[in-house]
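Listed below, chain by chain, are the residues.
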Amino acid sequence: MNPETQEIKDTNEVTHEYVEAIIDAEKEMTTERGLSYVIPGEKVTYTIRVQNEGDLNTTLTVQDSIPEGTEFVEGSVLLNGMPSSVTKEQLEAGIEVEANGNTEQTISFEVTVQEGATEVKNTAVVDETPTNETKVPVISYEKTAEVIRQTEENIPEGTVTAGDKIKYIIKVNNLGEEPVTDVTIKDVVPTGTTLSNTSIGGKVNDRNEITWTIDEILAGASVEVSFEVTVNYDVVD
């Protein structure tokens, strides 16, 4: 056969399908009251979402250390929303999670914010790869009282008499590194007294509750609100 006129025929087509696990991990945080800040004693819930967007099943190791300034809530670990026996120590050492193709797995746990905490930060690690960092500022409250005498009588320290005024000052401290917004401060007019006045923004309801809403407190800053009451005559002998 003449090479110049030889017929060229196509071969069969070979298709290679590449199968792999494509892992996407994200860390989420919710506060007990759904606010942008927490106070000592409140709980924070952390959720690690691990999604395998590929077609290959795999096993992942998920680690998470308890944030500084918090205490782990025993028995709070949920795997895909179901209670588990995973302990703090096991979570910090790493637990194995089956991540089948095109599925999402969740691991969640709770911590309680401790006194002295300033900002709660946390990052999980999935197969040695850190997730995004979550953080929430901590605020603290300080309340002081000042007695404003209305008589010349010699009254023992720490006691009041009818007609005396008491000024209460509430100081709110943002201990974190980020501003906090929409901070609500509440107090109640003490029994046996009548409210005289409040600082700007204080609103009083029919239950003698006073509420202030602070638009923003900058990182490391403090805000003060106050109210003044008069001691009633019917509570003093």
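Residues numbered from 1 in each chain as written. Predicted model: local features only at pLDDT ≥ 70, side-chain atom pairs only at ≥ 80, totals over all residues. Heavy atoms only, no water.

Draft legend 1. Region of the structure containing the pattern of salt bridges. Within this structure, the stated rule accounts for 10 salt bridges. With its nearest N and O atoms 2.6 Å apart, the salt bridge here joins Asp187 to Lys143. Here Lys143 lies in strand β13 (residues 139–148) and Asp187 lies in strand β15 (residues 180–188), a separation of 44 residues in the sequence. Residue class for Lys143 comes out partly exposed when judged on its relative accessible area of 46%. In this structure, Asp206 engages Arg207 in a salt bridge whose closest nitrogen and oxygen atoms are separated by 3.9 Å. Arg207 carries the same exposure label as Asp206, and that label is exposed. (Salt bridge = Lys/Arg side-chain N within 4 Å of Asp/Glu carboxyl O. Helix = DSSP H or I, 4+ residues; strand = E, 2+ residues; numbered from the N terminus. Buried < 20%, exposed > 50% of the residue type's maximum accessible area, 1.4 Å probe, protein only.)

Draft legend 2. Region of the structure containing the environment of Gly75. By secondary structure assignment, the location of Gly75 is in the loop between β4 (70–72) and β5 (78–79). Overall, the relative accessible area of 55% leaves Gly75 in the exposed class. Residues Gly75 and Phe109 lie 34 residues apart in sequence; the distance between their C-alpha atoms is 8.4 Å.

Draft legend 3. Geometry of a negative patch on the surface. Together, Glu71, Glu74, Glu89 and Glu92 make up a region of like negative charge exposed at the surface. The exposed category is assigned to Glu74, whose relative accessible area is 62%. (Patch = residues over 30% accessible without salt bridge, like charges linked within 9 Å, V, L, I, M, F, W, Y side chains within 5 Å. Areas by Shrake-Rupley, 256 points an atom, 1.4 Å probe, with all protein chains shown as cover. Lys, Arg positive; Asp, Glu negative; His and termini not counted. Charge placed at Lys NZ, Arg CZ, Asp CG, Glu CD.)

Draft legend 4. Highlighting the confidence of the model for the protein. Mean pLDDT over the protein works out to 88, with 88% of the residues at or above the 70 mark. No element of the protein has a lower mean pLDDT than strand β7 (residues 95–99), which averages 88, and none a higher one than β4, which averages 97. (pLDDT = per-residue confidence, 0-100.)

Draft legend 5. Broad picture of unusual backbone geometry. Within the chain, Asn80 stands out as a residue other than glycine whose phi angle is a positive 55°. Residue Asn80 is classed as partly exposed on the basis of its relative accessible area of 41%. Although it is not a glycine, Glu128 sits at a positive phi angle of roughly 70°.

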